[in-house]
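Chains, contacts and geometry: an overview
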Amino acid sequence: MRVFVSIVVENFSAMRTEIRRHGRPPPGALGSPEPLSEGLLAGMGGRVLELDWPTARVIAEHPFPTPAGLAFWRDDILIASKFSDHLGTLSGHRIDSPVLNDAHGLHVDEAGIWVACAGNDSVHRLADDGTPTWSWWANDHGLDRDPTGQRVTRATGQARRATLRRAAHPNSVLPGNEGTLATLFHQGSVVRIGPTGTWSTVLGGLDHPHSIRRTDEGYSLCDSGRGRVLLLDEGFGTTGGFDGMRWVQDAVVTRDDVIALDVHFFGRGVRDPVGNRVVGLRSGACLELPVDWRPAALLVLDD
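If you're wondering where the values come from, they're calculated on a predicted model, not measured in any experiment.

**Regarding the overall build of the protein chain**
For the protein chain, the count of helices and strands is two helices and 24 strands. Its C-alpha atoms give the protein chain a radius of gyration of 18 Å, near enough to 19 Å, the size a compact globule of 303 residues would have. Projected onto the principal axes, the alpha-carbon positions of the protein chain cover approximately 50 × 45 × 40 Å. When the 303 residues of the protein chain are sorted by exposure, 57% land in the buried category. A sequence separation of at least 24 residues applies to 46% of the contacts in the protein chain between residues at least 6 apart. As presented, the protein chain carries roughly 12200 Å² of accessible surface, and 48% of it is formed by carbon and sulfur atoms.

Encoded structure:
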């Protein structure tokens, strides 16, 4: 089995120093109140690691600018570039779209390429050439204030908007027969969005969640700020899970394991001298990553 891991940032210490200069977020909120400088963005680097699992051995490294979400697409690996605002593949194909802004989570199905864009509070389905075929803008559907209470209007183009100046910060997307699921970072919730854009909360009370995924029994979800992976049934009731981690950025349930990104995180003042880990929560497999790297997403291919 192969596991792909996107490393979105390779200069995390410099990023943290700049964010701290902007001041602390209000209680319960996370993120910088000001956009990161272009000079800092240029030095972030980025790569996609290819691992053998469960040996947790790196078998290849693929350079890519600030990679975030990963998906399997047309016999290739599709990657969202978080700060370069495009999609690309390991083979070098590129997809541009005017709606891409701080793209996070990806999902691919027969209907198209689904992407959660945290930078402009939106979720989209794209054609293969990047043309939007369905869009949801949080600001158009009642989510129009940032965590500080300031009104937020729809972002235009690829203009940079700081995390604390976003209304929802959607970071993962999962289409389904009953609507499209998305995790909303600032609301601490999973929502279901209908075809016309109406939405409802299906699970709340979460701490900056990420990565809603399908499993054989229902769903898995990262309750990131509480350092836990939740296993959910079809009605979003909790049936099990794994805790004891620091910040869980992503997790994938496989036949024999639950593979998670356990991240050294600064948002709540949590300090740990150990770096980041790709960890098998059932197998015990573990790959330690440098503390200055920031892993963003997982993709598992069962060869």
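**Some details on the nonpolar core**
Judged by nonpolar contacts, the single largest core of 21 residues is most densely connected at Val3, Val5, Leu51, Trp53, Val278 and Leu298. Elements represented by at least two residues in this core include exactly β1 (2-9), β2 (47-52), β21 (258-262), β23 (286-289) and β24 (294-301). With three residues, the single largest contributor to this core is β1. With residues up to four places along the chain from it excluded, the contact list for Val278 reads Val5, Leu51, Trp53, Ile259, Ala260, Leu261, Ala285, Cys286, Leu287, Leu289 and Leu298. Membership of the second largest hydrophobic core comes to 15 residues, among which are Ile95, Leu100, Ala103 and Ile113.

**Let's talk about the pairing of strand β22 (residues 276-280)**
The element β22 is extensively covered by neighbouring structure, given that five of its five residues are classed as buried. Taking every second residue as pointing to the same face, both faces of β22 are buried, with Asn276, Val278 and Gly280 on one and Arg277 and Val279 on the other. Note: β21 against β22, four bridges, orientation antiparallel. Counterpart to Ala260 in the pairing with β22 is Val279. Relative to β23, β22 runs antiparallel, the two sharing four bridges.

**Some thoughts on the packing of aromatic side chains**
The tally for this structure, following the rule as stated, stands at three aromatic pairs. Residues Trp114 and Trp134 carry aromatic rings whose centres are separated by 5.7 Å and whose planes lie at 55° to one another, so their mutual orientation is tilted. Highlighted residues: Trp114 in strand β9 (residues 112-117) and Trp134 in strand β11 (residues 132-137), separated in sequence by 20 residues. Each member of the pair, Trp114 as well as Trp134, is classed as buried. In this structure, Arg154 packs its charged tip against the face of Trp137, placed 4.2 Å from the ring centre.

About the cut-offs
Residues numbered from 1 in each chain as written. Predicted model: local features only at pLDDT ≥ 70, side-chain atom pairs only at ≥ 80, totals over all residues. Heavy atoms only, no water. Helix = DSSP H or I, 4+ residues; strand = E, 2+ residues; numbered from the N terminus. Rg over C-alpha atoms; globule rule 2.2 N^0.38 Å. Buried < 20%, exposed > 50% of the residue type's maximum accessible area, 1.4 Å probe, protein only. Contact = heavy atoms within 4.5 Å. Areas by Shrake-Rupley, 256 points an atom, 1.4 Å probe, with all protein chains shown as cover. Core = buried A, V, L, I, M, F, W, Y, C linked by side-chain atoms within 4.5 Å. Pairing = 2+ DSSP bridges. Phe/Tyr/Trp six-rings, centres within 6.5 Å; stacked < 30°, edge-to-face > 60°. Lys NZ or Arg CZ within 6 Å of the ring centre and 35° of its normal.

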